[in-house]
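# Observations on chain architecture
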Amino acid sequence: MEDKMYIVTLSGNDLRELSELIDKHGFPYNEKLRQAKFDSKSLNELKKALNDYPDIEIIAEKEFEPMQRDDEIKGSVTDMVNKTNRFNSKPEMDFDDDIFFEKYFNTEEIESALTFYSLKHPDITEKIKLPEKTHNGRTSNLIRIGKKGFIDVYFISGVHAREWHPPDALIYFVRKICSAFKNEKDVFIGQNTFTYEQIKSIIDKLNIYVFPLVNPDGREFSQKNDINKNWRKNRRFISENIYGVDINRNYDFLWDYEKYFSSKNTDLSNMQKFNASENYIGPYPASEPETRNVISLIINTRIKYFADVHSFDNNKNLILYSWSHSGSQSDYPEMNFKNSKYWGQYGDVYYSEYVDRKDYDLRKRLAKNMAVAATKANSSVRKYQAQTSNDMYLISGGSRDYMESRNLINQDYTSIHSFFIEASGDSFFPPLRKREIIIKDIVSALFELCVQIVSTEQMKDQT
Ligand SMILES: [Zn+2]
């Protein structure tokens, strides 16, 4: 019989002592995770050796089950969804990464996680109820993180029901940033390190609004069984056997695409007025409660940075910036979406939307830095690329463009630097090991964005 293996997590602020202990005894060890795999014999040796190191203790010890996670995908994909509510516990509890990465979160868990972390970190968080109930009667909430700083930042995910890991990633983001701040510790995400100093200035200066699950009805339906798993839209009832609107086509930005796009040579297959389509834009702009919940926040805040996190069912990993309905240019201010002269011509090669050059350069730089951090997270095995949104495919009525267009339509709004993250596995339901890797990619990109925002806004203060 093979010996059991154990995953052991060590505490200890003194890294020198830790590495001495490891070196002296030849223990296997991952310094960043402060975690190692031991057989029972070396675990006993470790426990003995710790007598000489009173500052270091074992804070978690768990039997290692090597194939458990990958085995699960041989059955139904819905077996990868947790059946209980792991966040339905007292906030004194915490999770180590092993438990966090065990399974996909179910709909109820994501909602409970917001309560859990707002109770656990009341000094720096606040749970906020959103105004609209979903078609199935659910109330949605988001969590604000920060000490009421002066820059409002907004992250959303869970818009498309079958994209299971992005909402889990946003909960991981909440957990990592709050606990790093509380423990005054650097945070390690994949191969990235974010220092406590960086975390502290993020918490001091930013208000980060995190809305992890925009479309809870859709997620619940998608996770119910294998037949439903590829569900994308919300659950608006249209007629018998026809449900749902694509929330990311429902925003009030060039929503009536037939009016704005050229019909010649332009592929408009990603927007549909046919109500059974996966990309059904809805009966009218912002017809959906989920869309209105997303929008509701920007009315009462001064959101300046926005990111919407999604995934594909292939291995394309993108950080998107600038417009989705056309290319971008900074030379012809009159060539812009408000100018009716150009309506009916989007998609034609000569039309390119005007963007202020400074804004464009900033957005491009931030997107590139996010791509670098996400790629570094997984040691460059999975590459992320920054590109303009229209290079993916042409759409209108999406969240990213809606946010970027707000102050161009109404100057009461702040100008919003707006991003779209596509972080993909081979399918919408990556195996659990891969889910963990992708979550760390996403969270690295979001941490990097926060770091960049702090430094960008500081530079502005100085000029
Ligand atoms: Zn999506």
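Look up a bit, the structure's there.
The present account deals with the structure reproduced in this document.

Cut-off values and rules
- Residue positions are given per chain, counted from 1 along the sequence in the order it is written.
- Only residues with pLDDT of at least 70 are given local features in this predicted model, and only at 80 or more are side-chain atom pairs given and counted; all residues enter the totals for whole chains, interfaces and linings.
- Water and hydrogen atoms play no part in the side-chain values, which are based on all heavy atoms of the structure.
- Stacked, tilted and edge-to-face are the three classes applied to pairs of Phe, Tyr and Trp rings, where Trp contributes its six-membered ring and a pair requires centres within 6.5 Å; stacked means planes under 30 degrees apart, edge-to-face means over 60, and tilted covers the rest.
- For a Lys NZ or an Arg CZ to count as sitting over a ring, it must be within 6 Å of the ring centre and within 35 degrees of the ring normal.
- Each salt bridge in this description consists of a side-chain nitrogen of Lys or Arg and a carboxyl oxygen of Asp or Glu lying within 4 Å of one another.
- Numbering of helices and strands runs from the N terminus, with a helix taken as a DSSP run of H or I at least four residues long and a strand as a DSSP run of E at least two residues long.
- The rule is simple: take the accessible area with a 1.4 Å probe, protein chains only, and divide by the maximum for that residue type; under 20% is buried, over 50% is exposed, in between is partly exposed.
- Every axis corresponds to a line fitted to the C-alpha atoms, with the helix fit spanning only the stretch in contact, and the corresponding angles, defined between N-to-C directions, vary from 0 to 180 degrees.
- By definition in this entry, angles of less than 35 degrees are roughly parallel, angles greater than 145 are roughly antiparallel, angles of 65 to 115 are roughly perpendicular, and the rest are oblique.
- Note on convention: near helix rotated counterclockwise from far helix by under a right angle means a left-handed crossing. Clockwise means right-handed.
- Whether two residues are in contact is decided by their heavy atoms, any of which lying within 4.5 Å being enough.
- Think of it as three bins: nonpolar holds Ala, Val, Leu, Ile, Met, Phe, Trp, Tyr, Cys and Pro, charged holds Asp, Glu, Lys and Arg, and polar takes everything else, Gly as well.
- A pair of strands is considered paired only if DSSP assigns at least 2 bridges between the two.
- Only nitrogen, oxygen and sulfur atoms qualify as donors, and only when within 2.8 Å of the metal (3.2 Å in the case of Na, K and Ca); with water excluded, sites may look incomplete.
- When four donors show all angles between 85 and 135 degrees the site is tetrahedral, when four or six donors have opposite pairs over 155 degrees and all other angles between 65 and 115 it is square planar or octahedral respectively, and in every other case it is irregular.
- Pairs of cysteine sulfur atoms within 2.5 Å are identified as disulfides in what follows.

One pass over the structure, following the stated rule, counts 28 aromatic pairs. Aromatic pair phenylalanine 428 and phenylalanine 429: ring centres 6.3 Å apart, planes at 70°, arrangement edge-to-face. These aromatic residues form a ring-pair network of at least three members: Phe87, Phe100, Phe101, Phe105, Phe116, Tyr117 and Tyr172. Directly above the aromatic system of phenylalanine 312 lies the positively charged group of lysine 316, at a separation of 5.3 Å from the ring centroid. Here arginine 435 stacks its cationic end above the ring of tyrosine 104, 5.1 Å away from the centre of that ring.

Taken as a whole and assessed by the stated rule, the structure comprises 26 salt bridges. A salt bridge links glutamate 132 to arginine 292; its shortest N-O distance comes to 3.0 Å. Of the two residues, glutamate 132 sits in strand S4 (residues 125–133) while arginine 292 sits in helix H10 (residues 289–300), which places them 160 residues apart along the sequence. Its salt-bridge partner being arginine 382, residue aspartate 441 comes within 2.9 Å of it at the nearest N-O pair. With aspartate 441 in helix H13 (residues 432–462) and arginine 382 in the loop between helix H11 (357–377) and strand S16 (385–388), the pair connects residues that are 59 residues apart, well separated along the chain. Residues aspartate 441 and arginine 382 agree in their burial class; the two are buried. Salt bridges sharing partners connect three or more residues here, namely Asp359, Arg363, Arg400, Asp401 and Glu404.

Where helix H7 (residues 196–205) contacts H13, the two axes come as close as 10 Å, and the packing angle between them is 70°. When the axis of H7 is compared with that of H13, the two are roughly perpendicular. As H7 packs across H13, the resulting crossing turns out to be left-handed. Side by side, H7 and H13 meet where Gln198, Ile199, Ser201, Ile202 and Lys205 of the first sit next to Phe447, Cys450, Val451, Val454 and Gln458 of the second. Residue classes in the contact of H7 with H13 are distributed as six nonpolar, three polar and one charged.

Okay, the pairing of strand S13 (residues 318–321) next. The alternating pattern of S13 places Leu318 and Leu320 on one face and Ile319 and Tyr321 on the opposite face, and all of these are buried. Pairing analysis gives four bridges linking S13 to S16, with the strands arranged parallel. Each bridged residue has a counterpart across the sheet, and for tyrosine 321 the counterpart in S16 is threonine 388. Bridge analysis of S13 against strand S17 (residues 417–422) gives four bridges, and the strand direction is antiparallel. The residue of S17 that forms the bridge with leucine 320 is phenylalanine 420.

At the metal site, the zinc ion is ligated by His160 (ND1), Glu163 (OE), Glu163 (OE) and His310 (ND1), and these contacts range over 2.1 to 2.5 Å. Coordination at the zinc ion is irregular, judged from the four donor atoms that bind it and the angles of 56 to 141° they form at the metal. Sequence spacing among the residues donating to the zinc ion works out to H-x2-E-x146-H. Judged on exposure class, the residue histidine 160 and its partner glutamate 163 are both buried.

By definition, a disulfide links two cysteine residues through a covalent bond between their sulfur atoms. This model, assessed by the stated rule, comprises zero disulfides. Sulfur of cysteine 178: no disulfide; nearest cysteine sulfur belongs to cysteine 450 and is 12 Å away.

Further remarks concern the packing of H11 against H13. Here H11 crosses H13 at 140°, and the two axes come no closer than 8 Å. Judged by the angle between their axes, H11 and H13 are oblique. Remark: the crossing between H11 and H13 carries right-handed chirality. The residues of H13 that touch H11, namely those facing Leu362, Arg365, Leu366, Asn369, Met370, Ala373, Ala374 and Ala377, are Lys440, Asp441, Ser444, Ala445, Glu448, Leu449, Gln452 and Thr456.

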